[in-house]
Amino acid sequence: MNHLPQAWGRPRDDIYGAYDQSYLQSNGPNQHTQHPVVTGTSVVALKFKDGVVIAADNLASYGSLARFTDVKRLRTFAETSVVGFGGDVSDMQYLDRMLNSLDTEEAYGSSGHSLNAHNLHTFLAKVFYNRRTNFDPLWNQVLVAGLDEDSKPFLASADLLGTTFTSPSLATGFGAHLAQPLLRKVAPDEEAASKLTKEQALEAVKESMKVLFYRDARSLDKYSIAVVTKEGIDLKEDERLEKQSWAFAEGIRGYGAQVN
């Protein structure tokens, strides 16, 4: 009797004839993920004079279904940096395991842990670019927040193409369209960001998360928020949006507010 898995549940060869095995062979090129299924939406971050504030909601959507409501998309690294993940959740988990391995390797090294946010961003950018050149990209955009080698606030982005850039404020996903204009009013350049207090930065980021919940169908009112300073990382993972007001919705008909 044939016990191979491909023989399970099909007629016997000696009665019904040989089975066509061609479906088990793959003659085409290797194919990789082209359409991520479970995804996270925006990550929002803003520099201030002593550090960086970064936030992301806890929702992972299965297509357009708000399926998983307790997915933490902010990950700490070596008590010096926070990585915020947007995009495919399975690739986020892969990168998280990779960063955990790197963290352990560095922590037990002879020179001690020396990686800062700038180093971490460079590492992730190389990983993204390597996977892109192998035609097997990691379907994520990440924000790296923390302090650089001079203990100055550092904030940078890297995406599935290996593209990198820095700015006083950054956002992924819908946040790049809805949250960035709000953050740029508060910190249009590095000089303005260097004058922001922690409280002002927190207020701006929380307001951005509220606007995203109003306007982005793939967002949630429960979110994680982290503040990175020289004193360490203050991470809160189950925050709720406060003082919501849906009064503006009364005047919306179709695609915009009605004047008449």
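Structure: above.
Report on the accompanying structure. (Residues numbered from 1 in each chain as written. Predicted model: local features only at pLDDT ≥ 70, side-chain atom pairs only at ≥ 80, totals over all residues. Heavy atoms only, no water.)

Right, let's get into the overall build of the protein chain. What the protein chain contains, in helices and strands, is 7 helices and 15 strands. For the protein chain, the proportion of its 260 residues judged to be buried stands at 41%. (Helix = DSSP H or I, 4+ residues; strand = E, 2+ residues; numbered from the N terminus. Buried < 20%, exposed > 50% of the residue type's maximum accessible area, 1.4 Å probe, protein only.)

Looking at the element boundaries, Arg 73 is found in the loop between strand S5 (65-68) and strand S6 (74-77). Accessibility expressed as a relative area gives 1% for Arg 73, which makes it buried. It is 8.7 Å that separates the C-alpha atoms of Arg 73 and Leu 59, two residues lying 14 residues apart in sequence. Every residue in contact with Arg 73, bar those within four places of it in the chain, is listed here: Gly 40, Thr 41, Ser 42, Val 43, Ala 56, Asp 57, Leu 59, Val 83, Gly 84, Phe 85, Gly 86 and Met 92. (Contact = heavy atoms within 4.5 Å.)

Relative orientation and spacing of two packed helices are given, respectively, by the angle between their axes and the distance between those axes. Interaxial distance between helix H2 (residues 89-107) and helix H3 (residues 117-133) falls to 12 Å at its minimum, and their mutual angle equals 135°. Judged by the inter-axis angle, H2 sits oblique to H3. Between H2 and H3 lies a crossing whose hand is right-handed. Across the interface between the two elements, Tyr 94, Leu 95, Met 98, Leu 99 and Leu 102 from H2 touch Leu 120, Phe 123, Leu 124, Val 127, Phe 128 and Arg 131 from H3. Taken together, the residues of the contact of H2 with H3 sort by class into 10 nonpolar, no polar and 1 charged. (Axes fitted to C-alpha atoms, helices over the stretch in contact; angles between N-to-C directions. Parallel < 35°, antiparallel > 145°, perpendicular 65-115°, else oblique. Left-handed = near helix turned anticlockwise from the far one by under 90°. Nonpolar A, V, L, I, M, F, W, Y, C, P; charged D, E, K, R; others polar.)

Within the structure shown, the criterion is met by 0 aromatic pairs. The ring of Tyr 94 is capped by Arg 131, whose NZ or CZ atom sits 5.4 Å from the centre of that ring. (Phe/Tyr/Trp six-rings, centres within 6.5 Å; stacked < 30°, edge-to-face > 60°. Lys NZ or Arg CZ within 6 Å of the ring centre and 35° of its normal.)

Before going further, it helps to examine the pairing of strand S12 (residues 222-229). Where burial is concerned, most of S12 is hidden: 8 out of the 8 residues are buried. For strand S3 (residues 51-57) and S12, the ladder comprises 6 bridges, and the chain directions are antiparallel. Residue Ile 54 lies in a different strand from S12, and its bridge partner there is Ala 226. The sheet contact formed by S12 and strand S13 (residues 232-240) spans 7 bridges and is antiparallel. The residue of S13 that forms the bridge with Val 227 is Asp 234. Counted between consecutive antiparallel strands, the loop separating S12 from S13 contains 2 residues. (Pairing = 2+ DSSP bridges.)

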